[in-house]
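Residue-level structural notes
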Amino acid sequence: MLSTMALFLVLLGTLCSFIYFFRTLTTNKNDRKLPPGPTPPPIIGNLYMLGKLPHQSLHRLAQRYGPIMSIKLGHVPTIVVSSPEAAELFLKVHDVVFANRPKVQASDYLTCGAKGMVFTEYGPYWRMVRKWCISHLLGTWKVESFAPVRKADMVSLVESVRTMAVEGGTLNLSQQVGKVVEVIMSRVIFGRCMDDEIELKPLIEETMYLAGVFNLSDYVPFLAPLDLQGIERRLKRTSNGLHAFFDKLIDEIEQGSTNIEEPKSYTDFFHVMVSLLNTPMNPTDKVQYIIGRENIKAIMVDMVAASFDTTTTAIEWTLSELLRHPRVVAGLQQELETVVGKNRMVEESDLPKLTYLNMVIKESFRLHPVAPLLVPHESTEDITVNGYFIPKISRILVNAWSMGRDRTVWSDNAEEFCPERFENSSIDLRGHDFQLIPFGTGRRGCPGMQLGLTTLRLIIAQLVHCFDWELPDAILPSELDMTEKFGLTLPRANHLFAKPTYRLVG
Ligand code: HEM
């Protein structure tokens, strides 16, 4: 009797397990269907498929699996979004669910455990920092108040390129542009030019690389202690360099020994921040955040990294495309002669009238989005999008590089640089048109767009208006090297060189 009972219980248990297993399987299939994607091998998942230029590898995979694709990077479920319609679902319709950022080793080191803005968790601290940066640095009226800074630096830029033109030399355009962007941004952020104090640019370039590279330690945590790619070592070195620099500047202000060059028509961001040291950043709110040294340093790293490299990279690619397309340069110079004339440099007030310039810049952003995968987003809850199940804490990569090459959106000549495609088109790059989102969009969209766009428009307009440019060493336009280097931003792999000839009268 006992053995019959035991057998019955075993059978019942097996049946229940079978029903449970079957139900789980069917539920997964019907309600929890992940987007399609390549099968991930255990442990490293699809990481091995990314290669040196992950945005291009993901573009090719998306052509096979579709615009909402599921991959696994180590143990991290990742969704790759590659069409305007899909981007709208993730960045507008369900924006709030995808407004978080993943925790990564780079932000632990560089921004003291994500105490800045870019990699900071979505929530009240991030909201406060963002609001604060907009009111003291990035808002429209603030950006306009920096116009005299940009004007003075434009004069120095044109003078130094003109000297080179007289000497008949070849200019390292990448370096020259990097320098002027660094000077302009340093003046608005720090209130002075950092020229001789520290080589900030190499540190920032390294920061952008380390923040964007697929770091095994983030995806396969048990391998982190081995630091197989040497990334942690580089992160320590770079963050030490940056933090020592900001510590020194904070000390100087606290001790009243700042080296202010000239009286300014504005209060710079860094001085305002340091004046708040150890006080609540948001005194009227219920939950208050005391601003300490780490917060200041983290926010400064974000501001400097986000402004120097992005703006320089965008200008470099636009100038590269112009050197490859003399027809476009002729059109641009024609517009500049009509609006500005050949007797003076471009003024900021001319910019709204330069419609062809705007088309050229949009076209350059379409083919060369500065942040090819934007900045990774992360889901905060389980959600179904377009019939696909997206689990909580999935990483979302929006492939802006791929979207710029979509033939169904940009027609068969999607690979060609052709600014005229924006003629009579209402597509803008400010984040309302999901075909072109080089600044991202939604809650985590770029708050520095106005500062970046004003600076890059002015520099490009000036360089094309004041000079004719020629490639050195008899390189043909079609032969110009356009190799990319992947990181959080996507700069040219090699510097851009060209020979200037001054073209204004007087
Ligand atoms: C050509 C210039 C620039 C480009 C193309 C650019 C592009 C971007 C992109 C694609 C994102 C990510 C958006 C997303 O994840 O959805 C971003 C975020 C950000 N950008 Fe920019 N950016 C530029 C200039 C600037 C400047 C000048 C600053 C300010 C100093 C800045 C500050 C930031 C910050 C703080 C974030 C993070 C926002 C957040 O997570 O809430 N950017 N930018």
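In what follows, the accompanying structure is described. (Residues numbered from 1 in each chain as written. Predicted model: local features only at pLDDT ≥ 70, side-chain atom pairs only at ≥ 80, totals over all residues.)

1. Thoughts on the environment of Gln229
In this structure, Gln229 sits in the loop between α10 (216-219) and α11 (231-254). When the C-alpha atoms of Gln229 and Leu216 are compared, they prove to be 7.5 Å apart, with 13 residues separating the residues in sequence. (Helix = DSSP H or I, 4+ residues; strand = E, 2+ residues; numbered from the N terminus.)

2. Remarks on the nonpolar core
Core analysis: the biggest nonpolar cluster contains 131 residues, and Val81, Ala87, Phe90, Ile189, Met303, Val398 and Ile460 have the highest contact counts within it. When residues in this core are grouped by element, the largest group, 16 residues, is from helix α13 (residues 293-324). Discounting chain neighbours no more than four positions away, the residues touching Val398 are Val81, Ala87, Phe90, Leu91, Leu373 and Leu374. (Core = buried A, V, L, I, M, F, W, Y, C linked by C-beta atoms within 7 Å. Buried ≥ 20, exposed ≤ 12 C-beta atoms within 10 Å, placed from the backbone. Contact = placed C-beta atoms within 7 Å.)

3. Focus on the pairing of strand β9 (residues 497-502)
The sheet contact formed by strand β3 (residues 171-172) and β9 spans two bridges and is antiparallel. Residue pairing for β9: Leu171 is matched across the bridge by Ala498. Inspection of the sheet shows strand β8 (residues 467-470) paired to β9 by four bridges, in the antiparallel sense. Paired with Trp469 across the bridge in β9 is Pro500. (Pairing = 2+ DSSP bridges.)

4. Observations concerning the packing of α13 against helix α15 (residues 355-367)
Contact geometry for α13 and α15: axes closest at 9 Å, N-to-C directions at 105°. Of the possible angle classes, the one that applies to α13 and α15 is roughly perpendicular. In this structure, α13 contributes Ala314, Trp317, Thr318 and Glu321 to the contact, and α15 contributes Val360, Ile361, Ser364 and Phe365. Here the contact of α13 with α15 is built from residues that sort into five nonpolar, two polar and one charged. (Axes fitted to C-alpha atoms, helices over the stretch in contact; angles between N-to-C directions. Parallel < 35°, antiparallel > 145°, perpendicular 65-115°, else oblique. Nonpolar A, V, L, I, M, F, W, Y, C, P; charged D, E, K, R; others polar.)

5. Considering the sheet that holds β8
Spatial ordering of the open sheet is given by β3-β9-β8, a layout of three strands whose pairing is antiparallel. Two strands in the sheet have a free side with no partner beyond their single neighbour: β3 and β8. Here helix α7 (residues 147-167) sits on the sheet in contact with β3, β8 and β9, set at roughly 90° to β9.

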